[in-house]
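Report on the structure
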Amino acid sequence: MPDSTLSSRTVLVTGATSGIGYETARQLAERGATVLVHGRTAEEAHAAADRLVATAGVPEGQLRPYGADFAHLDEVESLAHTIVAAHPHLDVLVNNAGMAAPERHTVTDDGNEIAFQVNFLAHYLLTCLLEPALISEPGGRVVNVSSSLHRTASIQWADPNRARRYSRIAAYAQSQLALTVFAADPRVTAVSVHPGVCDTALLPLYAHEGVSAAVGAGHMVRLCDPAVEIVNGAYYDRDERVEPAPAATEDRTVKRLNKLADLLVGRSAI
């Protein structure tokens, strides 16, 4: 039976075609939310929506598939414009899409280290462009899927692409720290959550075994529920609110990151 607090909600989940993102989309839809299912391509998004209808019994009308490759910022921009046009009011944005940084230093066509772009910059751009829809009514929120590895990270301000000294773990951790810092941006109410070590494609970064993606997704779905009160910039380790890395709450760091991100995504500073 649909959950009354979520049944009238519209939620965009990025990276919803597999792993935690797919399970988040499933649990939200089962609780009655309209879910915008994002995949790297429109075909992948449609396939995930079809699977949710076939295996979870979710009504087709509750799902809207969208495609955009986060390694191409122009696709992120198109996605945002399409969504704002179709959904002038958006209740929740779940910034979940992510990738492990590759073994070799890899730069996108936009000129950014690929993990920094896919995990952070694309979500930064998407959130900024969806801001009108998220704040069109009170209560709009953003849930950033972060990682406990953000604590090991530092943002290389002079070399965010890590061209001089590349390590895939350091590159991944930097992208997660940036996403966690971004949650403290005052423009839209946002939180970060580490969903625990889950048995997904990112598992090798953490351990040999983890909990199911469905368990990890449950922590995100809880934060999408308007009945759960959140504080802007808060960081959760699963269901528990804990202090993030000190950099994540520094006003100066938030402003500096916004400036860097605006530069890297080609936005003029607001």
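Structure: above.
**A closer look at the overall build of the chain**
Assigned secondary structure in the chain consists of seven helices and eight strands. Expected size for 270 residues packed as a compact globule is a radius of gyration near 18 Å; at 17 Å, the chain falls within 12% of this value. Considering the chain, the positive charge centre built from 22 side chains and the negative charge centre built from 31 side chains are found 7 Å apart.

**Section: the sheet that holds strand β3 (residues 63-67)**
The strand order across the open sheet formed by eight strands is β3-β2-β1-β4-β5-β6-β7-β8, and the pairing between neighbours is mixed. Edge positions in the sheet fall to β3 and β8 (240-242), since each has one partner strand and no second. Strand-to-strand, the axes of this sheet are offset by a mean angle of 25°, without reference to chain direction. Sheet analysis places strand β6 (residues 190-194) next to strand β7 (residues 235-237), joined by three bridges and oriented parallel. Counterpart to Val-193 in the pairing with β7 is Tyr-236. Of the strands in this sheet, β1 (10-13), β2 (34-39) and β3 are in contact with helix α3 (residues 73-86), which crosses β3 at around 155°. Taken strand by strand, helix α5 (residues 168-182) contacts β4 (92-95), β5 (141-145), β6 and β7, and its axis lies near 160° from that of β5.

**A short note on a negative patch on the surface**
A cluster of like negative charges, contributed by Asp-74, Glu-75, Glu-77, Asp-109 and Asp-110, occupies part of the molecular surface. Counting through the fold element by element, Glu-77 comes out in helix α3.

**Regarding the packing of α5 against helix α7 (residues 251-265)**
Put simply, α5 and α7 touch, their axes get as near as 9 Å, and they point 115° apart. By the criterion of interaxial angle, the relationship of α5 to α7 is roughly perpendicular. Every pair of crossing elements has a handedness; the one defined by α5 and α7 is left-handed. Contacts between α5 and α7 involve Ala-178, Val-181 and Phe-182 from the first element and Thr-253, Val-254, Leu-257 and Asn-258 from the second. For the contact of α5 with α7, the class distribution of residues is five nonpolar, two polar and no charged.

Thresholds applied
Residues numbered from 1 in each chain as written. Predicted model: local features only at pLDDT ≥ 70, side-chain atom pairs only at ≥ 80, totals over all residues. Heavy atoms only, no water. Helix = DSSP H or I, 4+ residues; strand = E, 2+ residues; numbered from the N terminus. Rg over C-alpha atoms; globule rule 2.2 N^0.38 Å. Lys, Arg positive; Asp, Glu negative; His and termini not counted. Charge placed at Lys NZ, Arg CZ, Asp CG, Glu CD. Pairing = 2+ DSSP bridges. Axes fitted to C-alpha atoms, helices over the stretch in contact; angles between N-to-C directions. Contact = heavy atoms within 4.5 Å. Patch = residues over 30% accessible without salt bridge, like charges linked within 9 Å, V, L, I, M, F, W, Y side chains within 5 Å. Areas by Shrake-Rupley, 256 points an atom, 1.4 Å probe, with all protein chains shown as cover. Salt bridge = Lys/Arg side-chain N within 4 Å of Asp/Glu carboxyl O. Parallel < 35°, antiparallel > 145°, perpendicular 65-115°, else oblique. Left-handed = near helix turned anticlockwise from the far one by under 90°. Nonpolar A, V, L, I, M, F, W, Y, C, P; charged D, E, K, R; others polar.

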